[in-house]
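This is what each chain is made of:
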Amino acid sequence: MEHSTYPPAAAAHSRSGSLAGMENNFKKAITELLVLFLLNEREMYINEITAELSRRSGESFQIVFPYAVIYRMQRFGYIDETQKQRAPDGRLRQYYGITPDGSSYLKELLAFYRHLSDGVAKILASPSDSP
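The present account deals with the structure reproduced in this document. Since the structure is predicted, the reported quantities are computational estimates derived from the model, not experimental observations. (Residues numbered from 1 in each chain as written. Predicted model: local features only at pLDDT ≥ 70, side-chain atom pairs only at ≥ 80, totals over all residues. Heavy atoms only, no water.)

## Side note on helix 3 (residues 46–56)
Item 1. Residues of helix 3 that are buried: I46, E48, I49, T50, E52, L53 and S54.
Item 2. Among the structural elements, helix 2 (19–41), strand 1 (44–45), helix 4 (66–75) and strand 3 (92–98) are those in contact with the buried residues of helix 3.
Item 3. At the C-terminal side of helix 3, G58 shows a positive phi close to 70°. (Buried < 20%, exposed > 50% of the residue type's maximum accessible area, 1.4 Å probe, protein only. Helix = DSSP H or I, 4+ residues; strand = E, 2+ residues; numbered from the N terminus. Contact = heavy atoms within 4.5 Å.)

Following this line, the structure appears as structure tokens:
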């Protein structure tokens, strides 16, 4: 009789209970904050956003499906399409900018992130009651 594990081993890497699952969930949770942060600095096109996130994070943060994030934030009214510019290779690039609602949301996200990360840092720095 074969024993099966739940979740299946192939799916375990993307679920809670694994480092890969934790990484995936954390990235999903923080991506909107980071994209809005960049667009608050200046307008960018999608590949520029992903490259900038990767560069600034020392290549440790990469978005696998950037269009999903951009389109979701557009639906919520946090970003808008701005101008299109022609790249040196002739392709048109669609730029995105943050909206006033996006700026307000970014402020909320930053306050929440700082509060949460401060709390986590306090927990990790606190002495353990374990023997």
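## Comments concerning helix 5 (residues 100–125)
Item 1. For helix 5, with 26 residues, the first-to-last C-alpha span of 37 Å sits near the 38 Å given by 1.5 Å per residue.
Item 2. Within helix 5, burial applies to G102, Y105, L106, L109 and L110.
Item 3. Next to the buried residues of helix 5 lie helix 2 and strand 3. (Expected span 1.5 Å × (residues − 1).)

## Considerations on a nonpolar patch on the surface
Item 1. On the surface, F112, L116, V120, I123 and L124 cluster together into a nonpolar patch covering about 540 Å² of accessible area.
Item 2. Inspection of the secondary structure puts L116 in helix 5.
Item 3. Taking relative accessible area as the criterion, L116 reaches 44% and is therefore assigned partly exposed. (Patch = residues over 30% accessible without salt bridge, like charges linked within 9 Å, V, L, I, M, F, W, Y side chains within 5 Å. Areas by Shrake-Rupley, 256 points an atom, 1.4 Å probe, with all protein chains shown as cover. Salt bridge = Lys/Arg side-chain N within 4 Å of Asp/Glu carboxyl O.)

## Structural notes on the pairing of strand 3
Item 1. Inspection of the sheet shows strand 1 paired to strand 3 by 2 bridges, in the antiparallel sense. Within strand 3, the position partnered with Y45 by the bridge is Y95.
Item 2. As paired strands, strand 2 (residues 79–86) and strand 3 are joined by 6 bridges and run antiparallel to one another. When the sheet's bridge partners are listed, Q85 is paired in strand 3 with R93.
Item 3. Linking two consecutive strands that pair antiparallel, namely strand 2 and strand 3, is a turn of 5 residues; a positive phi of about 95° is found at G90 within it. (Pairing = 2+ DSSP bridges.)

By themselves, these are just geometric observations and shouldn't be taken as functional.
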